[in-house]
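One letter stands for each residue in the lines below.
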Amino acid sequence: MFYGSCWIVENYLTKPAFHLSKTEEEVDGWTSEEDEELDEEYCRQVTESLGFDIDGKVCIPACGISPVFLGAKKNPRSEVALYGRLGVHCFNIDKERKLQYMRIPKYNVQYPKAMSFHITVEVNDLADNSPHTLQTLVTRSFSRNGEDLRVSTGICRIKPQTPEGEICLVDEEAIDKFYRGVMPNFVSKLGADDDKLRFYEVQEQDICANDWLRLYTEFALFSYWRYNEDGFESCLLVEIKKIIVETCETHREPRMKLKSSNAIFHINFNAKSCDYKSVLRRTTDGKPGHIVLEINTWKLSST
């Protein structure tokens, strides 16, 4: 899949409701949904930047890519911030880097059959304390396997000096069959008959060394509150109680299961005096910049 000849306006559904917070400003450039002549400058910007750099002065077609500029001090919606952090996490996995999420100065929103976010993220490389600009394409799509929330990345890269590359979708058929299909059941504890080679209970030092485990837990919370972002924000911060990792990949050290390309995370956590449990399945088709998170979350009780 790539942006060429501005095919993006074809086969799209009507633009769904998407409410920006008061701290965000969406460019008022939407046109009618009737057939129209596309703005050539808009097409050029989308094609060359893969949808990341649109100046807001162009005529944006109905169901096209709409830019949102945050400026120097404004913060994005918490959902968008999660997606930006996911892009950084995916890049770190692929490149074995330690980039730290700093802020999102802008992002562009697209409304096909799912919501896609072309996000520009300012990051800091912890190896040498150098700043960089990362670009990530994150899509929130409809459920396929009974999951509450499905999120995938299509691009995770340092912004190139000159326009390059293309966008390709996750190849579902390339994902290991064990991790496809209906979402697995939640595992609360390991029994005597469980395959010890397949499970690992995360230790406190693992959580301290891998801050993305907290990111996954926040995704689990968002999965539950996905239709109520104010409710989600009111429940932060999360307290991780227990995480069990399940994977078919073999490693010499049990904790290395955290590094598995495909894994299932069974998470118990507390947020705002309420207990939750969640199943988060992380998969990849083996291509750089591609990661899929499928999540189910249940609220258990108040403590």
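- Going by the annotation in an unreviewed UniProt entry, the name recorded for the chain is Protein MS5, with Arabidopsis suecica given as the source organism.

**With respect to the overall build of the chain**
- Broken down by element type, the chain carries 5 helices and 11 strands.
- Out of the 303 residues in the chain, the part that is buried amounts to 51%.
- Within the chain, residue pairs in contact and separated by at least 24 positions form 65% of the contacts whose partners lie at least 6 positions apart.
- Summed over its atoms, the accessible surface of the chain is roughly 15300 Å², and 49% of this surface lies on carbon and sulfur atoms.

**A look at the environment of Phe219**
- Structurally, Phe219 can be placed in helix α4 (residues 212-224).
- Under the relative-accessibility criterion, Phe219 is labelled buried at 0%.
- Taking the C-alpha atoms as reference points, Phe219 and Glu294, 75 residues apart in sequence, are found 9.8 Å from one another.
- In this structure Phe219 touches Leu82, Tyr83, Leu86, Leu149, Val151, Leu280, Leu293 and Ile295, once residues within four positions along its chain are discounted.

**Let's talk about the confidence of the model for the chain**
- Counting all residues, the mean pLDDT for the chain is 86, and 85% of those residues have values of 70 or more.
- The low-confidence segment residues 1-23, where pLDDT is below 50, has 61 contacts with residues more than four positions distant or belonging to other chains.

**A few points about the environment of Ile155**
- As for its placement among the helices and strands, Ile155 is situated in strand β6 (residues 149-158).
- For the pair Ile155 and Thr136, spaced 19 residues apart in sequence, the C-alpha to C-alpha distance is 4.9 Å.
- Once residues within four sequence positions are removed from consideration, Ile155 is found in contact with Leu50, Phe52, Gln135, Thr136, Leu137, Glu166, Ile167 and Gly289.

**A word on the nonpolar core**
- Ranked by size, the top nonpolar core spans 54 residues in total, and within it Tyr83, Tyr107, Phe219, Leu221 and Phe265 carry the most contacts.
- Aside from chain neighbours lying at most four places away, what touches Phe265 is Trp212, Leu213, Tyr216, Ile243, Ile244, Val245, Leu258, Ser278, Val279, Leu280 and Arg282.
- Among the nonpolar cores identified, the runner-up in size contains 8 residues, and Val170, Tyr179, Val279 and Val292 belong to it.

**Focus: the pattern of salt bridges**
- Per the counting criterion, the structure on display carries 20 salt bridges.
- Between Arg150 and Glu172 there is a salt bridge whose closest N-O contact spans 2.6 Å. Taken together, the residues span a long stretch of sequence, with Arg150 in strand β6 and Glu172 in the loop between β6 and β7 (199-201) at a distance of 22 residues.

**Side note on α4**
- Here α4 is 13 residues long and its end C-alpha atoms lie 19 Å apart, about the 18 Å a rise of 1.5 Å per residue gives.
- In terms of burial, α4 is largely enclosed, as 11 of its 13 residues are buried.
- Among all positions in α4, only Trp212, Leu213, Leu215, Tyr216, Thr217, Glu218, Phe219, Ala220, Leu221, Phe222 and Ser223 are buried.

**Section: the environment of Lys159**
- With respect to the secondary-structure elements, Lys159 resides in the loop between β6 and β7.
- Taking the relative accessible area as the measure of exposure, Lys159 reaches 36% and is therefore partly exposed.
- For the pair Lys159 and Thr136, spaced 23 residues apart in the sequence, the C-alpha separation amounts to 9.3 Å.
- If we skip the residues at most four places from it in the chain, Lys159 touches Asp53, Thr133, Leu134 and Gln135.
- A polar contact is formed between the side chain of Lys159 and the side chain of Asp53, at a distance of 3.3 Å.

**Quick look at unusual backbone geometry**
- In this chain, Leu236 is followed by Leu237 through a cis amide linkage whose omega measures 15°.
- The residue Leu237 is located in the loop between α5 (229-235) and β8 (238-246) in this model.
- Despite not being glycine, Glu96 has its phi angle at roughly 55°, a positive value.
- Positionally, Glu96 belongs in the loop between α2 (78-95) and β3 (99-110).
- Positive phi, close to 65°, is recorded for Ser273, a residue that is not glycine.
- Mapped onto the elements of the fold, Ser273 is located in the loop between β9 (263-271) and β10 (274-283).

Cut-offs and rules
Within every chain, residues take consecutive numbers counted from 1 along the sequence as written. Reporting in this predicted model follows two pLDDT cut-offs: at least 70 for local features of residues, and 80 or more for side-chain atom pairs to be given and counted; totals over whole chains, interfaces and linings ignore these cut-offs and use all residues. Excluding hydrogens and water, the side-chain figures rest on all heavy atoms present in the structure. Only DSSP runs of H or I with at least four residues qualify as helices, and only runs of E with at least two residues qualify as strands; both kinds are numbered from the N terminus onward. Type-normalised accessible area, obtained with a 1.4 Å probe on protein chains alone, sets the label of each residue: buried when under 20%, exposed when over 50%, and partly exposed for intermediate values. The contact definition used throughout considers only heavy atoms, calling two residues in contact when any of these lie within 4.5 Å. Accessibility throughout is a Shrake-Rupley quantity obtained with a 1.4 Å probe, and a residue counts as covered only by protein chains that appear here. Scored from 0 to 100, pLDDT records how confident the predictor is in each individual residue. Buried Ala, Val, Leu, Ile, Met, Phe, Trp, Tyr and Cys residues that are joined via side-chain atoms within 4.5 Å together make up what is termed a nonpolar core. In the sections that follow, a salt bridge refers to a side-chain nitrogen of Lys or Arg positioned within 4 Å of a carboxyl oxygen of Asp or Glu. Helix span, as expected, comes to 1.5 Å for every residue beyond the first. Counting of polar contacts relies on pairs of N or O atoms within 3.5 Å, with two restrictions inside protein: one atom must be capable of donating a hydrogen and the other of accepting it, and residues adjacent in sequence are counted only when both atoms are side-chain atoms.

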